[in-house]
Amino acid sequence: MPKITEEIKEVASKTRGWALATATKDGIPNVVAVAFGKLISESQILLVDVFMKKTRANIEANPNVAVAVWDMETLKGYQFKGTAHFETSGEIFDEGVQIVKSTMPQLTPKAALIVDVLQIYNLTPGAEAGKEMA
Ligand SMILES: Cc1cc2nc3c(=O)[nH]c(=O)nc-3n(C[C@H](O)[C@H](O)[C@H](O)COP(=O)(O)O)c2cc1C
């Protein structure tokens, strides 16, 4: 199990957006921008589905995803690989609704997308770029 370090938590808390990559069963890629996201545990990311279409269809057919997050000020960034599923009720869904409603009350979240992180890679430019983190 990879460790989500304090440094990663800080980047995630300061980021203004996440990139979420999915793929069809046949491997056709799709990447979207996600504003509503946060780390919710030592191994899980919550992204909130408000507008997802191909993303949702892809995850339902193929749960493997990659997520990137970065901070343009410090130029630190990380990539997470794992599996994702949707939840439309419960505590995590309620947290997702709260995240959206607190800044954009006019939007209606459809689901919480929970990513179970299996690997973390460093994206930060320099010698460690691309390396898997312990
Ligand atoms: C800056 C920005 C932030 C976005 N944030 C979200 C988000 O938090 N949740 C969401 O469901 N869609 C968000 N979107 C929309 C998705 O990027 C995308 O348009 C949507 O998932 C439909 O694409 P798809 O059919 O490939 O899934 C955002 C788009 C932009 C440009």
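- Taking an unreviewed UniProt entry as the reference, the chain is identified by name as Pyridoxamine 5'-phosphate oxidase-like protein belonging to Thermacetogenium phaeum.

1. Details of the overall build of the chain
Working step 1: A tally of helices and strands in the chain yields three helices and seven strands.
Working step 2: Secondary structure elements in the chain, listed N-terminal to C-terminal, are α-β-β-β-β-α-β-β-α-β.
Working step 3: For a compact globule of 134 residues, the expected C-alpha radius of gyration is about 14 Å, and the chain comes in at 14 Å, within 12% of that figure.
Working step 4: If you line up the chain on its principal axes, its C-alpha atoms span 40 × 35 × 25 Å.
Working step 5: Here the chain holds 134 residues, and 43% of them are scored as buried.

2. Describing the site of the ligand
Working step 1: The immediate surroundings of the ligand are formed by 14 residues, with N30, A33, V50, K54 and T55 found nearest.
Working step 2: V48 places a main-chain nitrogen or oxygen 2.9 Å from a nitrogen atom of the ligand.
Working step 3: Measuring from an oxygen atom of the ligand, one finds a backbone N or O atom of K53 at 3.1 Å.
Working step 4: The site holding the ligand turns out to be the largest pocket.

3. Brief notes about the UniProt feature "domain: Pyridoxamine 5'-phosphate oxidase N-terminal" (unreviewed entry) in the chain
Working step 1: As annotated in UniProt, the feature "domain: Pyridoxamine 5'-phosphate oxidase N-terminal" (unreviewed entry) corresponds to residues 4-122 in the numbering used here.
Working step 2: Within residues 4-122, the helical portion is 25% and the strand portion 45%, while the C-alpha atoms at the span's ends are 11 Å from each other.

4. Looking at unusual backbone geometry
Backbone geometry follows two general trends: most residues other than glycine have a negative phi, and most peptide bonds adopt the trans configuration.
Working step 1: Notably, L75 is not glycine yet its phi reads approximately 60°, a positive angle.
Working step 2: Positionally, L75 belongs in the loop between β5 (64-71) and β6 (76-87).

5. With respect to the layout of surface pockets
Working step 1: When its volume is computed, the largest pocket comes out at roughly 170 Å³.
Working step 2: In this structure, the largest pocket is lined by 14 residues; those nearest its centre are A33, V34, V50, F51 and M52.
Working step 3: Only β2 (29-34) and α2 (54-61) provide two or more residues apiece to the lining of the largest pocket.
Working step 4: Among the elements that take part in the lining of the largest pocket, β2 stands out by supplying four residues, more than any other.
Working step 5: Of the residues in the lining of the largest pocket, the class split is 10 nonpolar, two polar and two charged.

6. Concerning the packing of aromatic side chains
Working step 1: For the coordinates displayed, the defined rule picks out zero aromatic pairs.
Working step 2: Directly above the aromatic system of F86 lies the positively charged group of R56, at a separation of 4.1 Å from the ring centroid.

What counts and what doesn't
By convention here, each chain's residues receive numbers from 1 onward along its written sequence. It should be noted that, the model being predicted, local features are given only for residues of pLDDT at least 70 and side-chain atom pairs only at 80 or more, the latter also being counted only at that level, while totals for whole chains, interfaces and linings use all residues. With hydrogens and water excluded, all non-hydrogen atoms of the structure serve as input to the side-chain values. Labels follow the DSSP assignment, with helices taken as runs of H or I lasting at least four residues and strands as runs of E lasting at least two, numbered in each case from the N terminus. With the radius of gyration taken over C-alpha atoms, the globule rule is written as 2.2 Å times the number of residues to the power 0.38. Between buried and exposed lies partly exposed: a residue is buried under 20% and exposed over 50% of the maximum accessible area for its type, with that area taken using a 1.4 Å probe on protein chains only. When at least one non-hydrogen atom of a residue lies within 4 Å of a molecule or strand, that residue is treated as near it. Between N or O atoms, a polar contact is any pair within 3.5 Å; within protein, one atom must be a potential hydrogen donor and the other a potential acceptor, and residues adjacent in sequence are included only when both atoms are from side chains. Think of a 1 Å grid over the protein atoms and nothing else: a 1.4 Å probe that fits but is trapped marks a cavity, an open set flanked by protein within 12 Å on at least five of seven lines marks a pocket, and residues with an atom within 4 Å of a point count as lining. For a cavity or pocket, the test is whether more than half of a molecule's atoms lie within 2 Å of its grid points; if they do, the molecule sits there. UniProt positions are given in the numbering used here, feature names are shortened, and annotations may be inferred rather than shown by experiment. Grid points are joined across faces, edges and corners, and a volume is the space filled by probe spheres set on the points. Residues are grouped as follows: nonpolar covers Ala, Val, Leu, Ile, Met, Phe, Trp, Tyr, Cys and Pro; charged covers Asp, Glu, Lys and Arg; every other residue, Gly included, is treated as polar. Two rings from Phe, Tyr or Trp (for Trp, the six-membered ring) form a pair when their centres are within 6.5 Å of each other. A pair whose planes differ by under 30 degrees is stacked, one over 60 is edge-to-face, and the rest are tilted. Charge-over-ring placement is defined geometrically: NZ (Lys) or CZ (Arg) within 6 Å of the ring centre, and within 35 degrees of the ring normal.

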